[in-house]
Amino acid sequence: MYVAVKGGERAIENAHRLLANARRGSHNVPEVTLDQISEQLGLAVDRVMSEGSLYDRELAALAIKQARGDLIEAIFLVRAFRATLPRFGASEPVETGAMRVQRRVSSTFKDIPGGQILGPTFDYTHRLLDPSLAEGFVPEAPATAEASSAPTPRVTDILGRDGLIESSPQAEKGASVGDLTREPLNFPADRDLRLQNLARGDEGFLLAMGYSTQRGYGRNHPFAGEIRFGEVEVEFFAEDAGFAVPLGSIELTECQMVNQFKGSATEAPCFTRGYGLAFGQSERKTMSMALVDRALRARELGEEAAAPAQDEEFVMSHSDNVQATGFVEHLKLPHYVDFQSELGLLRKLRQEFTDANAAESMKEAAE
Amino acid sequence: MTTIAELPPGFVDKVLSAQSTFRSVMDAMARPGSVQRIVPMAGAPAMMMRGTAAIALTLFDHDTPIWLDARMTESSDVVKWLKFHTGAPVVQDCSIASFALISDGAALPALERFALGSNEYPDRSTTLIVQVDSLAAGRGFELRGPGIDSVATLQAAIRPADLFERLRVNEALFPRGIDVVLVADDAVVAIPRTTRVVNKES
Amino acid sequence: MNAPAYNFAYLDEQTKRMIRRAILKAIAIPGYQVPFASREMPMPYGWGTGGVQVTAAILGPKDVLKVIDQGSDDTTNAISIRKFFAKTAGVATTTATEDATVIQTRHRIPETALHENQVLVYQVPIPEPLRFLEPRETETRRMHALAEYGLMHVKLYEDIARFGHIATAYAYPVKVNARYVMDPSPTPKFDNPKMDNCPALQLFGAGREKRIYAIPPYTTVVSLDFEDHPFEPYRFNAPCALCGAENSYLDEIVTDDKGGRMFVCSDTDYCEGRQAAGHRGSLSAAPYKEKAHGGSNG
């Protein structure tokens with residue numbers, strides 16, 4: 001006798017209770033607070049804000065806590081919340097040249113106006129596990145000095161003054177800004193949509209794609225013109241007021257790659273650009289993004305587009321980790337109805353194969 | 001001049017009224033020739049039937065350029081009402097309109113002047129919303145096509161009188177084409193581009 | 001921190017308008033995939049976000065909703081989606097096919113014939129029937145524009161050359177209203193004939209791939225085939241072990257590790273309805289009797 005399985009609803013409820021307990025872990029250990037996540041796992045928060053497309057440290061920290069530290073799950077939580085928010089419009093372009101920089105390095109010039117500023121970085125740390133961090137570590141106070149009032153112009157602007165790099169295309173005043181969360185994406189896509197896609201794209205995916213260009217799959221000879229991290233003001237043009245209203249400041253990382261030059265009979269040779277921008281401090285992400293942005297400009301710059309990183313449809317269709325994880329993980333949903341259909345077909349084909357072979361050997365035996 | 005406060009109101013319950021109106025329009029589009037009723041009440045400016053007003057409140061917004069025929073354009077109330085309740089931009093060029101509102105069928109421009117979509121994106125076409133005298137009485141039409149169980153009949157008083165002859169361009173254009181929603185007060189009938197119409201009687 | 005407040009049926013009104021406009025175009029152009037700006041839903045892509053967005057855009061307080069996955073109302077994903085709408089829209093839900101006004105489905109079409117007052121909403125993973133022959137959207141879009149479906153016929157014919165049959169058992173491509181080749185979602189090909197000339201409206205939502213398409217009621221839907229290799233729906237040749245049905249699609253249940261198998265209806269509502277009407281299969285349990293708590297097992 002057979003009775004079909006029932007009670008899925010209770011199973012789900014029980015599974016979620018189990019999850020809540022697993023999330024909390026041992027009650028002998030104090031519960032982690034959102035402040036702790038935001039302050040002490042700041043780069044995780046930055047990544048969740050960037051790929052979640054929502055600048056809110058507190059919500060990102062909550063998402064990380066809720067996701068048990070699974071950052072893609074946390075990004076998903078933030079995205080799902082973001083999708084319910086009303087959209088009022090686009091901010092004015094942020095002026096990264098006026099950034100209050102905390103870190104700024106250029107690999108193309110030894111010294112630059114405003115100076116190289118190392119800032120908080122893993123670079124040059126020796127990657128030795130530090131047992132003193134395990135508990136009760138109190139860092140030495142950072143060295144401080146009077147903030148320099150020297151401006152820190154963008155390295156690409158310095159190159160641009162001499163025409164050594166292609167000019168950065170300026171959007172028309174009042175031109176609408178594409179938004180792939182509001183309009184379905186069509187190919188070929190303009191650069192605003194490509195950059196939005198990359199900014200939301202998975203850091204690991206972009207890292208691999210960017211890396212592949214360095215190894216010759218769409219090589220574009222990059223130099224890290226500048227990477228800067230710091231605070232910028234965000235302004236919103238209020239139609240009612242008739243002027244731009246400051247909304248506050250956010251932390252950004254910007255990477256400007258200086259790439260292989262182009263030129264033609266009518267145009268003097270000049271360097272080309274790749275651009276990366278992310279919330280918070282996300283250098284790996286912005287550098288990878290800049291490499292891939294430049295790779296995706298292949299067609300526009302008259303280069304042969306043969307490598308994966310240059311393939312717009314390929315890159316843009318697979319960069320989103322929320323989409324990717326959903327579809328990969330959906331394979332754990334039941335598929336027994338379609339599997340059964342496939343099974344039936346396979347059995348039939350095997351039967352026909354056996355019958356045909358049997359008939360063949362009968363024929364041979366008879367001959 | 002009408003001030004915003006004097007404009008006819010929109011839906012009382014935006015969410016549920018829009019849902020109910022949409023289902024009527026969806027059913028109309030899915031079953032061409034069938035007469036569907038629009039139940040929720042909204043205020044409507046002069047020139048605009050209440051069915052048209054409900055459809056506008058349900059489907060129009062910032063992303064849908066609207067073209068108005070001359071008679072509707074003349075009514076500054078219609079333009080203000082649309083702007084206030086839907087935020088939809090009113091455009092002069094009917095070839096970029098998502099929707100076109102026709103109150104004076106006799107002055108309907110040539111259908112080819114509206115957006116017909118492309119073969120790649122046939123959905124990028126204008127949907128015509130045409131106010132007619134009656135969807136209960138008038139000439140008889142026989143309709144065939146997807147959504148219709150063999151034949152549907154429609155009794156309607158429509159201007160322009162040759163609307164269905166003109167819509168025969170849809171046959172050659174497909175998948176491009178024009179979809180039409182006919183409105184008479186609170187009644188709607190849809191004629192999507194796949195519907196073939198013949199006069200039953202003249 | 002502001003506690004989020006959600007709209008009726010979860011989606012905001014602007015999103016619903018956008019989806020509703022796409023649905024109307026989809027109905028007007030049967031089988032054509034209308035691009036839409038799919039939103040991030042509070043459930044993963046690939047788990048029914050397209051179907052959920054379509055359902056959310058059409059659902060009203062008077063609707064009665066049924067959700068099935070693999071033909072069953074009781075699979076975990078079906079339960080999860082049904083609960084989502086019960087919670088966000090407060091609609092009545094049912095498992096009875098006959099009583100539902102909106103049925104959201106993954107991988108099956110109910111056995112009970114649908115009627116005019118119903119909408120069937122399919123969850124679709126890959127809406128593009130040509131995707132596995134040509135991965136590029138720009139190319140497949142051109143092929144649809146020109147109704148250039150030779151590649152699909154070549155693929156099906158290669159199957160015949162290699163296996164003696166068209167080797168597609170589910171998501172079997174169809175042609176809608178003699179124009180668009182369409183993916184019916186991963187339903188078993190057994191279900192394909194049910195799409196043809198169906199009295200109910202059929203809507204398809206693909207969230208991750210951002211497409212909505214439709215089959216209006218009473219529309220011709222033909223499974224692609226060849227004159228000498230006509231389309232054949234597959235069904236395991238046995239009656240349902242629970243209700244004895246001879247014409248329903250069957251799940252294969254592995255009963256032991258010695259090759260034991262039984263076959264039962266995948267459509268649980270259909271099967272239970274038949275059992276309630278007195279039909280019995282070879283392995284039917286005795287009619288279920290509720291026992292008082294603490295009662296004896298006698």
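Residues numbered from 1 in each chain as written. Chains lettered and ligands numbered in written order. Predicted model: local features only at pLDDT ≥ 70, side-chain atom pairs only at ≥ 80, totals over all residues. Heavy atoms only, no water.

Visitor: What is the right way to look at the packing of aromatic side chains in this model?
Guide: The geometry of two aromatic rings is summed up by the distance between their centres and the angle between their planes. Evaluation of the coordinates by the stated rule reveals 14 aromatic pairs over all chains. Aromatic side chains A:Tyr55 and A:Phe279 sit 5.0 Å apart centroid to centroid with 85° between the ring planes, which places their arrangement in the edge-to-face category. Taken together, the residues span a long stretch of sequence, with A:Tyr55 in the loop between α3 (42–52) and α4 (57–66) and A:Phe279 in strand β4 (residues 270–279) at a distance of 224 residues. Using a relative accessible area of 28% as the deciding quantity, one classes A:Tyr55 as partly exposed. Both rings, one in C:Tyr10 and one in C:Phe84, keep their centres 5.5 Å apart while their planes meet at 55°; by these two values the pair is tilted. Here C:Tyr10, found in the segment before α1 (13–28), pairs with C:Phe84, found in helix α3 (residues 76–88); they are 74 residues apart in sequence, far enough to count as distant. Of the two residues examined, C:Tyr10 and C:Phe84, each falls in the buried class. The residue whose ring lies beneath C:Arg179 is C:Tyr180, and the NZ or CZ to ring-centre distance is 4.4 Å. (Phe/Tyr/Trp six-rings, centres within 6.5 Å; stacked < 30°, edge-to-face > 60°. Helix = DSSP H or I, 4+ residues; strand = E, 2+ residues; numbered from the N terminus. Buried < 20%, exposed > 50% of the residue type's maximum accessible area, 1.4 Å probe, protein only. Lys NZ or Arg CZ within 6 Å of the ring centre and 35° of its normal.)

Visitor: What is the right way to read the side chain of B:Thr58 from this model?
Guide: Summarising the element assignment, B:Thr58 is placed in helix α2 (residues 50–59). B:Thr58 gets classed as buried once you look at its relative accessible area, which sits at 2%. One polar contact links the side chain of B:Thr58 to the main-chain carbonyl oxygen of B:Ala54, over a distance of 2.7 Å. Excluding residues that lie within four positions of it along the chain, B:Thr58 makes contacts with B:Phe11, B:Ala18, B:Thr21, B:Phe22 and C:Arg17. (Polar contact = N/O pair within 3.5 Å; in protein donor to acceptor, adjacent residues only side chain to side chain. Contact = heavy atoms within 4.5 Å.)

Visitor: How do you make sense of unusual backbone geometry when you look at a structure like this?
Guide: When glycine is set aside, most residues are seen to have a negative phi, and most peptide bonds are trans. Residue and element names in this part refer to chain B. Residues Arg159 and Pro160 are joined by a peptide bond in cis, for which omega reads 0°. Mapped onto the secondary structure, Pro160 falls in the loop between β7 (152–157) and α5 (163–166). Cis geometry marks the peptide bond from Phe174 to Pro175, where omega comes out at 10°. Turning to its location among the elements, Pro175 is positioned in the loop between α6 (169–173) and β8 (179–184).

Visitor: Sorry, what's going on with the packing of helix α5 (residues 71–82) of chain A against helix α11 (residues 321–329) of chain A here?
Guide: Packed helices, taken two at a time, are described by the angle their axes make and the gap between the axes. Residues and elements named next belong to chain A. As a packed pair, α5 and α11 sit with axes 9 Å apart at the nearest point and diverge in direction by 110°. Judged on the interaxial angle alone, α11 and α5 are roughly perpendicular. For α5 against α11, the interelement crossing comes out left-handed. Of the residues in α11, those touching α5 at Ile72, Ile75, Phe76 and Arg79 are Asn321, Val322 and Thr325. A per-class count over the contact of α5 with α11 returns 4 nonpolar, 2 polar and 1 charged. (Axes fitted to C-alpha atoms, helices over the stretch in contact; angles between N-to-C directions. Parallel < 35°, antiparallel > 145°, perpendicular 65-115°, else oblique. Left-handed = near helix turned anticlockwise from the far one by under 90°. Nonpolar A, V, L, I, M, F, W, Y, C, P; charged D, E, K, R; others polar.)

Visitor: Where do I start with the interface of chain C and chain A in this structure?
Guide: Many authors give the size of an interface as the accessible area that is lost as the parts come together. Contact with chain C, which involves 69 residues of that partner, is made by 51 residues of chain A. Note that A:Arg200 is salt-bridged to C:Glu40, the shortest N-O span being 3.3 Å. Across the chain C-chain A interface, the total number found is 24 residue pairs in polar contact (both at pLDDT 80 or more). Of all elements in the fold, only α1, α3, α4 (137–145), β11 (250–254) and β12 (261–265) of chain C reach the threshold of two or more residues within the side of chain C that touches chain A. (Salt bridge = Lys/Arg side-chain N within 4 Å of Asp/Glu carboxyl O.)

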